Amino acid sequence: MNATRHSSNYVELHAHSCWSPREGASATDELIDRALQLGYPALALTDHDNLYGAMEFAKSANERGLKPITGAEITIGYSPSPATAGSPERGAGGEGPTTHLTILAMDVTGYRNLCRLLSRAYQVHGKDTPLVEREWLFELNEGLIVLSGCRDSELVRLSDPSVASSSHSAAMELATAYRAIFGDRYYIELQHHDVFGDTERVAALASLAEQLGIETVATNNVHYHVRTRHRLNDVLVAVRHRQTLDSSHQVRRPNSEFFLKPAAGMARRFERYPQAIENTLAIAERCRFDLTRDLPYRLPDYPVPEGATLDSHLRGICGPAFRRKYPATDPFQKEARERLERELTLIAKHGLAGFFLVYWDILLLVNEIAVEVRGRDPRLQPDERPVGRGRGSSVSSIVCYLIGLSHIDPVRNNLYLERFLNEELHSLPDIDLDFPRDIRDQVLQRIYDRYGDEHAAIVAAFPTYRFRSAVLDIGKALGLPLPVLAKLNKFGGHFANATDIAEEMKRVPELRQLIDAPIWRDMVELAGQAAGFPVTSASTSAA
C-alpha cells in the first residue's frame, strides 16, 4: 500500500454497488473515485449474494491505483431455535430464518470457494432466494475471511440487548463455532449508524469479542458513495418491494449514514474500539487476491488419439475438409493453403488448439442432437451441418470454416483475419454460435452432461435502466400518476437513455410544464443517477 498517496487509516470492508440490484445506489466507478478522494488504500466490494460487479470493480480499481478486495455479503441459513424464533426473514421455501455474513477472498482458493458457495446457493435454493447453508461454508472455508455481519446477522440478533429473544450463551456458542473453523480469519463486525440501540449493540458485540479473544473490525455497510445518494437508495428499495416511497419506511434503511466515510469520522465513531479501525488495514493487507491477475485461465486439454498432439489433431480434422473444399483445380487452393498454415501456426503459438477442438466437439454434439430431432441428411459432411453456425469475426478464419464453425469461405470473400486471430493476441478469440430454437434446450443440457456441472456455466446478460424502465420504476415509486408516465414513455425510444427524460419532456407541451415541479425534478434527477444500473425482477427477499 502506498503510504504517500493513500493517507487513510481506515479501509471500508463492507460496501455494496449497483450490482446489489435495486439496493446499492452507486456504480463501482463512483465508489472507487470516492474511496480515492478519501485516501483509502483499498476497498472491498461485497454485493448481496453475487460477484456480478467484481471484475469491473477490480479492473477499474487497479487502473486508478486502489487495491480491490473481492467479497460478497451472503444470505446464510441456520436452524430455528428459541433464541431465533420469530425472525421476520425466512429462508428458501419458508424453511427457516436467514441472516447475513460478510465474506472476503484472501487468495485464489478463497475466491474459488466463494464462487462455489454462491453457485450452490442458487442451484439448491433457486435464483430468487439464494441461500448458503452453514455446513457448506464450514466445508469450503479455506482462503476466506468471515466478518460476523450487519444488523441482520445472526450474531447481532443473538447478542442485541434490546431484543427479548437474545441469548448471550447462544451468541457465545455461535462465535465459538465460527472461530473453531476459521481461527483468526473470523472477526466480529461492528457497525454504528446512529440508529437507536446501535451503541448498546456495538458494546455487546465488543464485550463478546473480548470474552472469547476474537478480534473486532469496524465497517459501515455502505450502500452509496456519498450521503446525497440515500434518496436513490430509498427509491430503489421501494421499487424492489413494489411499494411507493411513502409506504416503504419499514423496508428502507433507517437514515442516510450508509455512505463511504472519512477515516477520521469512523475513528471518532469507534473511539472506544480503536483496534476495530486498525484491523480494517490488517484485513486489507491479508486479502492479497487480485481478480485481474491471480486467476489465469487454462484452456481445456481436449482428449486426442494416442501419439497425437492437440495441434496435430486439429490439423488432421482440417485436412479432409480442405481437400474437399479446395481441390487441385481450385484457383484459390494455394492462397487457402497459405492461409491455413498461417492460422495453424498462430493457434500453436498461442496454445489455442484445445480451444478450437472444444468448439468442434460441441458442434459434433449439436449435430447428434439435430439428427435425433430431425433425422439424418446423408448429403451433408460433418463440416457442412446446418446447425450451430458461427458469426462475427470468427467467419474470417479458415480453420473455423473447415471444422464447421462458419459457412463463409474467408479466402474467396477476402476476409481480414487479424481482428479474430493475430500475433499479439491479448484475449481469447471471440466465437459466437447460434443454435435453432428447436434444439437449444437439448444442447444446453447435453453440454452439462458432457462436461459436468463444474465445467459448464450459463452467462447472464443484465438489462439496465434506460428511459422507459427508469420512468416507470422511479415514477411509480415517487407516486406519480401512471397515465402521465405512460404518455411520457411513448416518446422515449427503445434505446433512449435515462438521462434524456428532461429533453423528451420539453418536446411535449403538456409535459413541458411539469419539468419545474419538485417531484418531477426529483424523478429526472434520480433516473439520471440510476442510468445504466442493472434491472432485475422485483423481489421481497432480505436486503
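Each value, and the rule that gives it
Residues numbered from 1 in each chain as written. Predicted model: local features only at pLDDT ≥ 70, side-chain atom pairs only at ≥ 80, totals over all residues. Heavy atoms only, no water. Helix = DSSP H or I, 4+ residues; strand = E, 2+ residues; numbered from the N terminus. Polar contact = N/O pair within 3.5 Å; in protein donor to acceptor, adjacent residues only side chain to side chain. Phe/Tyr/Trp six-rings, centres within 6.5 Å; stacked < 30°, edge-to-face > 60°. Buried < 20%, exposed > 50% of the residue type's maximum accessible area, 1.4 Å probe, protein only. Contact = heavy atoms within 4.5 Å.

(A) Fine view of the environment of Tyr40. Among the secondary structure elements, Tyr40 is positioned in the loop between helix H1 (28–37) and strand S1 (42–48). Here the alpha-carbon distance between Tyr40 and Phe491, two residues 451 residues apart in the chain, equals 44 Å. One polar contact links the side chain of Tyr40 to the main-chain carbonyl oxygen of Lys261, over a distance of 2.5 Å.

(B) Local environment of the packing of aromatic side chains. Taken as a whole and judged by the stated rule, the model has 14 aromatic pairs. Residues Tyr10 and Tyr40 carry aromatic rings whose centres are separated by 5.8 Å and whose planes lie at 80° to one another, so their mutual orientation is edge-to-face. Here the residue Tyr10 occupies a position in the segment before H1, and Tyr40 occupies one in the loop between H1 and S1, the gap between them amounting to 30 residues. For the pair Tyr10 and Tyr40, a shared accessibility class is recorded, and that class is buried. Ring centres 6.2 Å apart and planes at 80° place the aromatic pair Phe356 and Phe420 in the edge-to-face group. Here Phe420 lies in the loop between helix H14 (398–403) and strand S9 (432–434) and Phe356 lies in helix H13 (residues 353–374), a separation of 64 residues in the sequence. Each member of the pair, Phe356 together with Phe420, is buried.

(C) Quick peek at helix H2 (residues 54–64). When H2 is considered as a whole, its buried residues turn out to be Ala54, Phe57, Ala58, Ser60 and Ala61. Packing partners of the buried residues in H2 comprise H1, S1 and strand S2 (67–77). Remark: Gly65 follows H2 within two positions and exhibits a positive phi of approximately 90°.

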